[in-house]
Amino acid sequence: MAVLIDGKRISQEIKEELKQEVAHLKEQGKTGCLAVIQVGDDPASSVYVRNKKRACEYIGIESLSYELPENTSESELLDIIEKLNQDETVNGILVQLPVPDHIDENKVIGAISPKKDVDGFHPQNVGALVSGLPGYVSCTPAGIIQLLKRTGIKITGKNCVVIGRSNIVGKPMSILMLRENATVTIAHSKTKNLPEICKRADIVIAAVGRPKMIDDSYVKEGAVVIDVGIHRNAENKLCGDVDFDRVVPLAEAITPVPGGVGPMTIAMLMYNCVQAMKAGCN
């Protein structure tokens, strides 16, 4: 039977470590403040924002909340970001994605100071990741690395298939696995013979965005399976990109949905916020 990789437990471990680190930094006179901007009232986004604010409170850093109406103009949003860039009391800025269609997401991401880009989405931080230079790393891929390491799963020398090529997960995930000395194949929904390619992988990271697409025909016996997807099925229950029931008998280790990758994203956001505290943005 597969080992269930417990993202709730591991994320809590990380937050406890960060809580202690924040207390130590405060003794040195350093404070942390994350500004979270949400445009519109998308229910899923509201849940994510609420969880981020709770995590800030838990580890001991302040959070500022900007809840803007759906019809907020792009220029109004950019003005708020620029004020936060200049505010020395704020060392992290996060715009909850997606933004409404009339706002250019890339322009918004590019407007955030790279020194305060705790989401790790700014082109400067992405370039630093590719080049192996210091910078903020996208939170979900960074969280997956922690899941693997803290579960005792060896990455060096392993064949890894990353299914998905988004800027937020797929691309940075592949770079981080390369950094850990894995041999990486990046696949996606248009890849030919995808099941055969995945069957050769020691580690499968599914971030394709299709409910239960990855079944037992994609996974070899003894593989580690990381499920990044999150969806609602016909019964309104949460499920991932992986058909858990069909894959679990084959896998050596697997992340559940919920309770796997999801909690790690916020834990690594808090990690980036603490790095910003240490860098002295404020």
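Asks: Hey, could you run me through the packing of aromatic side chains in this one?
Replies: Two aromatic rings are characterised by how far apart their centres lie and by the angle between their planes. Taken as a whole and assessed by the stated rule, the structure comprises 0 aromatic pairs. Sitting above the plane of the Tyr 58 ring, Lys 19 keeps its charged end 4.4 Å from the centroid.

Asks: Help me out: how do you make sense of the sheet that holds strand β4 (residues 92-95) in this one?
Replies: The pairing of strands in a sheet happens through backbone hydrogen bonds and is either parallel or antiparallel. Strand order in the open sheet formed by 3 strands is β3-β2-β4, and the pairing between neighbours is parallel. The open sheet has two edge strands with one neighbour each: β3 (62-68) and β4. Ignoring which end each strand starts from, the neighbouring axes of this sheet average 15° apart. Two strands pair when backbone bridges link them, and strand β2 (residues 33-39) and β4 are joined in this way by 4 bridges, in the parallel orientation. By the bridge assignment for β4, Val 36 is matched with Leu 94. Contacts between helix α3 (residues 74-86) and the sheet are confined to β2, β3 and β4, with β2 contributing the most and set at about 180° to the helix.

Asks: Explain helix α6 (residues 139-150) here, please?
Replies: Count 3.6 residues to each turn of an α-helix, and residues three or four apart come out pointing the same way. Helix length check: α6, at 12 residues, gives a terminal C-alpha distance of 16 Å against a target of 16 Å (1.5 Å per residue), a fit within 8%. For α6, the set of buried residues is Cys 139, Thr 140, Pro 141, Ala 142, Gly 143, Ile 144, Ile 145, Leu 147 and Leu 148. Buried residues along α6 sit in contact with α1 (7-27), α7 (170-179), β7 (203-206), β8 (224-227) and α10 (262-279). Gly 152 sits one or two positions beyond α6 and adopts a positive phi of about 80°.

Asks: Is there a simple way to think about the nonpolar core in this case?
Replies: For soluble globular proteins, the rule of thumb is that nonpolar side chains tend to be buried together. The biggest cluster of nonpolar side chains holds 51 residues, and the ones touching the most others in it are Leu 34, Met 177, Ile 205 and Met 270. Among the elements that take part in this core, α10 stands out by supplying 10 residues, more than any other. When neighbours within four sequence positions are excluded, Ile 205 is seen to be in contact with Ile 144, Cys 160, Val 161, Val 162, Ile 163, Met 173, Met 177, Ile 226 and Val 228. With 22 residues, the next largest nonpolar core counts Val 204, Tyr 218, Val 219 and Val 248 among its residues.

Asks: Can you walk me through the pattern of salt bridges in this structure?
Replies: Close approach of charged atoms lets side chains of opposite charge pair. Applying the stated rule across the entire model yields 10 salt bridges. The salt bridge partner of Lys 278 is Glu 21, with a shortest N-O separation of 2.8 Å. Of this pair, Lys 278 sits in helix α10 while Glu 21 sits in helix α1, and the two are 257 residues apart along the sequence. Taking the relative accessible area as the measure of exposure, Glu 21 reaches 25% and is therefore partly exposed. Glu 180 serves as the salt-bridge partner of Lys 149, at 3.1 Å between the closest nitrogen and oxygen. Here Lys 149, found in helix α6, pairs with Glu 180, found in the loop between α7 and β6 (183-187); they are 31 residues apart in sequence, far enough to count as distant. Lys 149 sits in the partly exposed class, given a relative accessible area of 42%. Where salt bridges share partners, they join Arg 9, Glu 13, Glu 17 and Arg 150 into one cluster.

Rules of the game
Residues numbered from 1 in each chain as written. Predicted model: local features only at pLDDT ≥ 70, side-chain atom pairs only at ≥ 80, totals over all residues. Heavy atoms only, no water. Phe/Tyr/Trp six-rings, centres within 6.5 Å; stacked < 30°, edge-to-face > 60°. Lys NZ or Arg CZ within 6 Å of the ring centre and 35° of its normal. Pairing = 2+ DSSP bridges. Helix = DSSP H or I, 4+ residues; strand = E, 2+ residues; numbered from the N terminus. Axes fitted to C-alpha atoms, helices over the stretch in contact; angles between N-to-C directions. Contact = heavy atoms within 4.5 Å. Expected span 1.5 Å × (residues − 1). Buried < 20%, exposed > 50% of the residue type's maximum accessible area, 1.4 Å probe, protein only. Core = buried A, V, L, I, M, F, W, Y, C linked by side-chain atoms within 4.5 Å. Salt bridge = Lys/Arg side-chain N within 4 Å of Asp/Glu carboxyl O.

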